[in-house]
Structures are given as structure tokens and as C-alpha cells.
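What follows is the residue order along each chain.
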Amino acid sequence: MSIDPQASRTPQSAPDVRAFTVGPVQENCYVVRADAHATKAIVVDPGDEAERLLQALDALNVETEAILLTHCHFDHIGAVAPVAQATKAPVYCPKIEQPLLTDVMRWVPPGFGPFESYDAEHLLAGGERLSLAGIDFDVIFTPGHSPGHLTYAAPGALLSGDVLFQGSVGRVDLPGGDWDTLLASLGTLVDRFDEETTVYPGHMGITTLGRERATNPFLRELAGS
Ligand SMILES: [Fe+2]
């Protein structure tokens with residue numbers, strides 16, 4: 001199903017999340033299931049290597065229920081069209097960034113692609129709750145790296161795109177980027193979620209909010225030091 005603001009909040013355990021690092025920019029695409037035996041999956045940020053991702057979904061023997069996008073930089077959306085067409089899964093896209101998905105090659109730097117454009121079935125602004133593949137996702141507006149950036153929060157897990165990395169944070173020098181806005185988004189995540197929450201970022205390694213709060217130099221600014 002899609003957006004259901006009335007969905008009841010039944011306790012869920014943390015989902016099974018598998019990472020696939022794809023493409024020349026080494027972007028992390030994630031396949032998320034309610035547990036390791038679930039027959040439905042969500043794909044987050046299919047950035048490149050569509051065939052590899054489709055083979056992985058086949059190997060897991062899952063039906064893809066939705067494709068979620070944190071933001072529309074090319075390295076996160078390069079494989080959206082082929083994966084969506086092959087799986088018939090609807091795509092959920094940040095509303096502000098939809099123009100980047102509907103005209104992908106206009107925004108791709110020389111030497112990358114070609115990638116195919118796609119018209120997303122659902123547009124999100126943040127604040128929605130999605131119930132997909134047996135997992136409740138809160139959609140959180142986390143701009144700063146890009147203007148419409150979203151973080152998808154599942155129980156015990158944040159699919160945080162390019163907001164927060166292991167030991168670093170997202171760059172703000174691309175169009176629509178803004179440091180103070182990014183800091184505010186980081187503050188939202190740190191304030192709202194437990195230290196034990198696993199962070200699945202769009203690049204580099206998986207971490208936890210607590211680890212980043214303790215060791216990430218960019219988060220010191222949040223603490224005022
Ligand atoms: Fe990005």
C-alpha cells in the first residue's frame with residue numbers, strides 16, 4: 001500500500017537491510033525487508049548497476065513493493081527507471097527534486113550515464129508515514145545537502161541518504177545545498193532518534209547515531225563546541 005497516515009503503530013523489530021554499493025561514485029543502494037525471510041522488499045536509492053540489483057532481488061526471491069528515493073542527485077537515481085520498469089514497483093520521490101528525475105541527463109556531469117528519466121508515482125515532502133512491505137517508515141524532511149532531501153526512518157534504522165556519514169556529513173556546495181540547513185537536519189535526527197539507531201548512509205560505511213554523536217567532528221557544531 002502507499003501513504004497511510006492512520007496506520008497504527010504496532011511494535012516492529014529492526015528490518016533486514018542489505019547494502020549494494022554501486023556505480024563510479026560508490027553509492028549505497030539498500031534492499032530493506034521486514035526480516036530476513038520476508039517475501040517483499042523496498043529498494044532505497046537504486047543509483048546504478050540495475051542488472052546487479054535486479055539479480056540480487058531475484059536471488060532473495062522477493063517482490064519489490066516500492067522504490068524510495070532520499071534525493072535526486074544522479075548517483076542515487078541512475079537505476080530508478082530500469083529497476084522500476086522491471087519490478088513494476090512504484091517510485092516515491094522528494095517533491096522538490098522531481099525535475100531531476102524527470103530529466104535526468106540534464107543534471108548529470110560529463111562522463112557519467114547515460115541514465116533514463118522516470119516519472120515517479122508518488123511525491124513526498126516529509127511528514128508522511130508509509131507502510132510498505134510490512135515496515136512502517138516515517139518520512140523526515142532533512143534538507144541541506146539537497147533542497148528536498150528525505151530520510152526514511154524504520155524501527156531502529158535510518159536510511160539517511162547524504163545527510164550523515166560515518167565520520168562526516170553531506171557536502172553543501174551543490175545547487176540547493178546549505179550548511180545551516182544541513183546542521184538543522186542533523187539536529188532533527190540526533191534529537192529524535194535513539195543512539196542505538198543504525199544509520200544506513202548513501203556513501204561509505206554503516207554506523208549508529210550514538211557513534212556519530214560521540215566521534216563525528218561535524219556534529220560538534222550541534223553541541224556548540
Ligand atoms: Fe547527493
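Along its length, the chain carries seven helices and 14 strands. Against the globule reference of 17 Å for 225 residues, the chain gives a C-alpha radius of gyration of 16 Å, in line with a compact fold. Taken across its 225 residues, the chain has 53% of its residues classed as buried. Put simply, 60% of the contacts in the chain that link residues at least 6 apart link residues at least 24 apart. Only carbon and sulfur atoms are counted for the fraction: they give 51% of the accessible area of the chain, which is about 9800 Å². Here the chain contributes 14 positively and 30 negatively charged side chains, and the mean placements of these two sets differ by 3 Å.

The full count for this structure, using the stated rule, is eight salt bridges. Lys 40 serves as the salt-bridge partner of Glu 65, at 3.4 Å between the closest nitrogen and oxygen. A residue pair is termed long-range when its members are at least 10 positions apart, and Glu 65 in strand S4 (residues 63–68) and Lys 40 in strand S3 (residues 40–44) qualify at 25 residues. For Glu 65, a relative accessible area of 15% corresponds to the buried category. The shortest N-O distance in the salt bridge between Asp 138 and Arg 129 comes to 3.0 Å.

Attention now goes to the coordination of the iron ion. Coordination of the iron ion by the protein involves His 71 (NE2), His 73 (ND1), His 145 (NE2) and Asp 162 (OD), with metal-donor separations of 2.2 to 2.3 Å. Coordination at the iron ion is irregular: its four donor atoms span angles of 84 to 174° at the metal. In terms of primary sequence, the donors binding the iron ion are separated according to H-x1-H-x71-H-x16-D. In this pair, His 71 is assigned in the loop between S4 and helix H2 (74–77) and His 145 in the loop between strand S8 (135–141) and strand S9 (150–154), connecting sequence segments 74 residues apart. Per residue, the accessibility class of His 71 equals that of His 145, and both read buried.

Spatially, the six strands line up as an open sheet ordered S7-S8-S9-S10-S13-S14, and their pairing is mixed. The open sheet is flanked by strand S7 (129–132) and strand S14 (207–208), the only strands paired with a single partner. Pairing of S7 with S8, which is carried by four bridges, proceeds in the antiparallel orientation. Following the sheet pairing, Arg 129 is matched in S8 by Asp 138. Running over the sheet, helix H5 (residues 179–192) touches S8, S9 and strand S10 (157–161) and is turned about 145° from S8.

This paragraph deals with helix H1 (residues 50–60). Owing to its 3.6 residues per turn, the α-helix brings residues three or four apart onto one side. Among all positions in H1, only Ala 50, Leu 53, Leu 54, Ala 56, Leu 57 and Leu 60 are buried. The buried residues of H1 occupy an angular sector of 155° when the element is viewed end-on, so they sit on one face. The outward face of H1, more than 90 degrees from its buried face, is lined by the exposed residues Glu 51, Gln 55, Asp 58 and Ala 59. A positive phi of about 60° marks Asn 61, the residue just after H1.

For the structure shown, the criterion picks out four aromatic pairs. Plain terms: the ring middles of Tyr 30 and Tyr 200 are 5.5 Å apart, the flat faces sit at 75° to each other, and that makes the pair edge-to-face. A residue pair is termed long-range when its members are at least 10 positions apart, and Tyr 30 in strand S2 (residues 27–33) and Tyr 200 in strand S13 (residues 198–201) qualify at 170 residues. Each member of the pair, Tyr 30 as well as Tyr 200, carries the same accessibility label: buried. An aromatic cluster is built from Phe 74, Phe 112 and Phe 115, whose rings are joined through pairwise contacts.

Glancing now at the pairing of S8. Summarising burial for S8: six of the seven residues are buried, a large majority. Adjacent in sequence and paired antiparallel, S7 and S8 are bridged by two residues, among which Ala 133 carries a positive phi angle near 55°.

What follows deals with H5. The end-to-end C-alpha distance of H5 is 20 Å, a good match for the 20 Å that 14 residues give at a rise of 1.5 Å each. Taken residue by residue, H5 has Leu 182, Leu 183, Ser 185, Leu 186, Gly 187, Leu 189 and Val 190 as its buried positions. Structurally, the start of H5 carries an N-cap: the backbone nitrogen of Asp 180 is 3.4 Å from a side-chain oxygen of Asp 178.

Before going further, it helps to spend a moment on the state of the cysteines. Taken as a whole and judged by the stated rule, the model has zero disulfides. Cys 72 provides the cysteine sulfur closest to Cys 29, a residue in no disulfide bond, and the two sulfurs are 14 Å apart. On the accessibility criterion, Cys 29 (0% relative accessible area) is buried. Of all cysteine sulfurs in the structure, the one in Cys 72 sits closest to Cys 93, which takes part in no disulfide; the separation is 3.6 Å.

Analysis parameters
Residues numbered from 1 in each chain as written. Predicted model: local features only at pLDDT ≥ 70, side-chain atom pairs only at ≥ 80, totals over all residues. Heavy atoms only, no water. Helix = DSSP H or I, 4+ residues; strand = E, 2+ residues; numbered from the N terminus. Rg over C-alpha atoms; globule rule 2.2 N^0.38 Å. Buried < 20%, exposed > 50% of the residue type's maximum accessible area, 1.4 Å probe, protein only. Contact = heavy atoms within 4.5 Å. Areas by Shrake-Rupley, 256 points an atom, 1.4 Å probe, with all protein chains shown as cover. Lys, Arg positive; Asp, Glu negative; His and termini not counted. Charge placed at Lys NZ, Arg CZ, Asp CG, Glu CD. Salt bridge = Lys/Arg side-chain N within 4 Å of Asp/Glu carboxyl O. Donors = N, O, S within 2.8 Å, 3.2 Å for Na, K, Ca; no water. Tetrahedral: all angles 85-135°; square planar, octahedral: opposite > 155°, others 65-115°. Pairing = 2+ DSSP bridges. Axes fitted to C-alpha atoms, helices over the stretch in contact; angles between N-to-C directions. Arc of directions from axis to C-beta. Phe/Tyr/Trp six-rings, centres within 6.5 Å; stacked < 30°, edge-to-face > 60°. Expected span 1.5 Å × (residues − 1). Polar contact = N/O pair within 3.5 Å; in protein donor to acceptor, adjacent residues only side chain to side chain. Disulfide = S-S within 2.5 Å.

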